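Here is what each chain is made of, one letter per residue.
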Amino acid sequence: MQKAAFFASSKLGALYLVFASLFIISLAIYVPIVAVMALMALILLGVYMKHPSWVYFVVVGTFSLSVDKIFRMQVMGFDSSSFYKLLILFFILPIFLRYGFRKEMIYPALAVGYLFVQSYFLSDMPDKMSPIDPFKSFLGLVVPFLLLMVNFSKEINMRIIRVLAWLPVFSLIAGFFLQQMGMLSIISFEISGVNRLQGANIAAHLGMLCFISICVCLIEIRNKHQVILNYALTLTHFIILIQTGTRGPLIALIPIVCMYLFDHVRKFAKGRTGALIPVVLFLAAVTVMVSAQWDNYQLRQESKGLSGRDSAWAFFTNRANEHPVFGQGLGSALVANDGSIFSGFVVPHNEYIRFYYDGGFVGALLFFGALFFVYLKVYRRMNSLVKPYFLGMILGFLVYSFFDNTLSTMHLIAPFCVYLNSLYLTSNKQNPEPEELPKLAPRKEILQ
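My aim in this report is to walk through the structure given alongside it, one point at a time. Within every chain, residues take consecutive numbers counted from 1 along the sequence as written. Local features in this predicted model are restricted to residues of pLDDT 70 or higher, and side-chain atom pairs are both shown and tallied only at a pLDDT of 80 or more, whereas totals for entire chains, interfaces and linings draw on every residue. Note: side-chain values were computed over all heavy atoms of the structure, leaving out hydrogens and water.

Counting its secondary structure elements, the chain contains 20 helices and four strands. Exposure is judged per residue with a 1.4 Å probe applied to protein chains only, and the accessible area is read against the type maximum: over 50% gives exposed, under 20% gives buried, and values in between give partly exposed. When each of the 448 residues of the chain is scored for burial, the buried share is 50%. Contacts: residue pairs with any heavy atoms within 4.5 Å of one another. The long-range fraction of contacts in the chain, counting pairs at least 24 apart against all pairs at least 6 apart in sequence, stands at 78%. Note on areas: Shrake-Rupley with a 1.4 Å probe; residue coverage comes only from the protein chains shown. Carbon and sulfur atoms provide 68% of the accessible area of the chain, an area that totals close to 21,900 Å². For helices the rule is a DSSP run of H or I covering at least 4 residues; for strands it is a run of E covering at least 2, with both sets numbered from the N terminus onward.

We define a salt bridge as a contact between a side-chain nitrogen of Lys or Arg and a carboxyl oxygen of Asp or Glu at a distance within 4 Å. According to the stated counting rule, one finds four salt bridges in the structure shown. Among the salt bridges present, the one from Arg102 reaches Glu104, with a minimum N-O distance of 2.7 Å. Salt-bridge contacts for Asp133 lead to Lys136; the nearest nitrogen and oxygen are separated by 4.0 Å. Note that Asp133 and Lys136 are positioned in helix 7 (residues 133-146) at a spacing of three residues, about one turn of the helix. The exposure class of Asp133 is buried, given its relative accessible area of 18%.

Moving on to the side chain of Asn405. Mapped onto the elements, Asn405 comes out in the loop between helix 18 (387-403) and helix 19 (410-426). The class for Asn405 is buried, based on a relative accessible area of 11%. At 3.5 Å, the side chain of Asn405 forms a polar contact with the backbone nitrogen of His349. Aside from chain neighbours lying at most four places away, what touches Asn405 is Met208, Val347, His349, Asn350 and Glu351. Definition of a polar contact: a pair of N or O atoms within 3.5 Å, with one able to donate and the other able to accept a hydrogen when the atoms are protein atoms, and with sequence-neighbouring residues admitted only if both atoms are side-chain atoms.

So, about the packing of helix 8 (residues 154-164) against helix 19. Axes here mean lines fitted to C-alpha atoms, for a helix over just the part in contact, with angles spanning 0 to 180 degrees between N-to-C directions. Running from amino to carboxyl end, helix 8 crosses helix 19 at an angle of 140°, the nearest separation of the two axes being 9 Å. Pair helix 8 / helix 19 crosses with left-handed handedness. Listed contacts from helix 19 to Lys154, Asn157, Met158, Ile160, Ile161 and Leu164 of helix 8 are Pro415, Val418, Tyr419, Asn421, Ser422, Leu425 and Thr426. Note that Gly is not counted as nonpolar here; it falls among the polar residues with everything else outside the nonpolar set of Ala, Val, Leu, Ile, Met, Phe, Trp, Tyr, Cys and Pro and the charged set of Asp, Glu, Lys and Arg. The class makeup of the residues in the contact of helix 8 with helix 19 is eight nonpolar, four polar and one charged. Left-handed describes a crossing whose near helix is turned anticlockwise from the far helix through less than a right angle; right-handed describes the clockwise counterpart.

Grouped together as the largest cluster of nonpolar side chains are 111 residues, with contacts concentrated most on Tyr56, Phe63 and Met393. Looking at this core, the element that brings in the most residues is helix 10 (residues 203-222), giving 13 residues. In this structure Met393 touches Phe211, Cys215, Ile219, Ile256, Phe416, Tyr419, Leu420 and Leu423, once residues within four positions along its chain are discounted. Grouping buried Ala, Val, Leu, Ile, Met, Phe, Trp, Tyr and Cys residues that are joined through side-chain atoms within 4.5 Å yields what is termed a nonpolar core.

A few words now on the environment of Ile221. Mapped onto the elements, Ile221 comes out in helix 10. Look at Ile221 and you get buried, because its relative accessible area is 10%. Spatially, the C-alpha atom of Ile221 lies 9.7 Å from that of Thr234, the residues being 13 residues apart in sequence. When near neighbours in sequence (up to four residues on either side) are disregarded, Ile221 contacts Val227, Asn230, Tyr231 and Thr234.

Turning our eyes to something else, we now look at the environment of Val60. Within the element layout of this structure, Val60 appears in helix 3 (residues 52-61). When its relative accessible area of 1% is taken as the criterion, Val60 is described as buried. For the pair Val60 and Leu147, spaced 87 residues apart in the sequence, the C-alpha separation amounts to 9.9 Å. If we skip the residues at most four places from it in the chain, Val60 touches Ile160, Val163, Leu164, Leu167 and Val418.

What follows concerns the packing of aromatic side chains. To pair, rings of Phe, Tyr and Trp, with the six-membered ring standing in for Trp, must have centres within 6.5 Å; the planes then decide the type, stacked if under 30 degrees apart, edge-to-face if over 60, and tilted in the middle. One pass over the structure, following the stated rule, counts 22 aromatic pairs. Ring centres of Phe116 and Tyr120 lie 5.3 Å apart, and the angle between their planes is 85°; on these two criteria the pair is classed as edge-to-face. A residue pair is termed a helical-turn pair when its members lie 3 or 4 positions apart in one helix, as Phe116 and Tyr120 do in helix 6 (residues 107-121) at four residues. The partly exposed category is assigned to Phe116, whose relative accessible area is 21%. In this structure an aromatic cluster arises from ring pairing among Phe145, Tyr352, Phe355, Phe367 and Phe368. The criterion is that NZ of a Lys, or CZ of an Arg, lies within 6 Å of the ring centre and within 35 degrees of the ring normal, and then a charge sits over that ring. Over the face of the ring belonging to Tyr424 we find Arg381, whose NZ or CZ atom lies 4.5 Å from the ring centre. For the cation-ring pair, Lys387 lies above Tyr379, with the distance from its terminal atom to the ring centre recorded as 4.7 Å.

Between two packed helices, the angle of one axis relative to the other and the distance separating the axes together describe the packing. Contact pair helix 9 (residues 167-180) / helix 11 (residues 227-244): the axes reach a minimum separation of 9 Å and the direction vectors enclose 55°. Considered as vectors, helix 9 and helix 11 are oriented oblique to each other. As for how helix 9 packs across helix 11, the hand of that crossing is left-handed. Between helix 9 and helix 11, the contacting residues are Pro168, Val169 and Leu172 on the first element and Thr236, His237 and Ile240 on the second. Note that the term roughly parallel is reserved for angles under 35 degrees, roughly antiparallel for angles over 145, roughly perpendicular for angles of 65 to 115, and oblique for everything else.

Further remarks concern unusual backbone geometry. Most peptide bonds take the trans form, and the phi angle of most residues other than glycine is negative. We note that Lys224 has phi near 60°; this positive angle belongs to a residue other than glycine. Not every positive phi belongs to a glycine, and Gln226 is a case in point at roughly 45°. Along the chain, Gln226 turns up in the loop between helix 10 and helix 11.

Without other data, these values stay purely geometric and don't point to any function.
Below you can see the structure in the form of structure tokens.
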């Protein structure tokens, strides 16, 4: 009974699986893609009944895949990405029932829930929006923040952190197999002549995965967990990131990398000469990698510049100022572009402007205030040695949100929320042990 608390008995669980199998077989006749996804859900459900945490590891691993790129579908206004989020929700809610949830992490989800209610009763929704559009946006936003609340043990969260450290590598491995199957290419070719590594994602999403995984590895190195492995993964992720040709993650990583460099220079100044070796090797490796890709970055800079972001920011800000208090409702930014700017800008590529557009001052301040509260809770729980690295990650994320869709892209916000939760549950409130200082000779030896 304890292993399957969500079913009245093992017989009822078996009966459930039989009916689900029959449903999938009948569904395969009419909608094969949905049937495949349903079959995967059924397999995961069977594993979940025995080992719930295993399924959660699988869910975290799927962040390395762009589901909407692999499976393209549209059913009742929901695309493959929406069904993917529903599938995650399907597995997360039973985990809450079995393990409970962290109440102190509920505030971002509540803020998104408020935005959802505000959209129908206080916001000025445009006529071109359907009544279901705010719900679709609510679903896409709230699922990652539910991941903040999962209440696994410290041991399980340590394993989750290890999975997060491998996400870009998982993307490349999955992309390789999908390429062999003829479903996609792990390299994208732009009109400007730039070739970009993308794995099982698009290049921008793979860059987001690299940002998260590099932050994870650097913090794990500071915690002295599997130092050699995490150094190797950090270097691997930097190679992958530079091959993607994305500039955003590189800029966002500057704060935490500066914290890392300052930390080692400080140790060197205290007499630990070996602390400078990782710094020199790191700078040399990054310099070589950037130099090798410099021509590609120059081509992208000349052909795209800010990729039209400045025009998009001005357009969305002017429209948002028409309804500054309560905004125009969740998802309204998705239908704002009337052709005045490049058609690719269905959102402003600036999360502060986007939430101001959708929720107005009230909704945006409430939402970002809830996020700040979570950052503060995690920060206060961490030991003083890791706090500067955490601040570097958060500052980088805030900068990243200024020119990309960080909070609304599943490949960044979902692993980010999972990592925040794992950091909170694995951090030690007590003060860390002081670093070893050079031992002084006994007083008698000095006198002699």
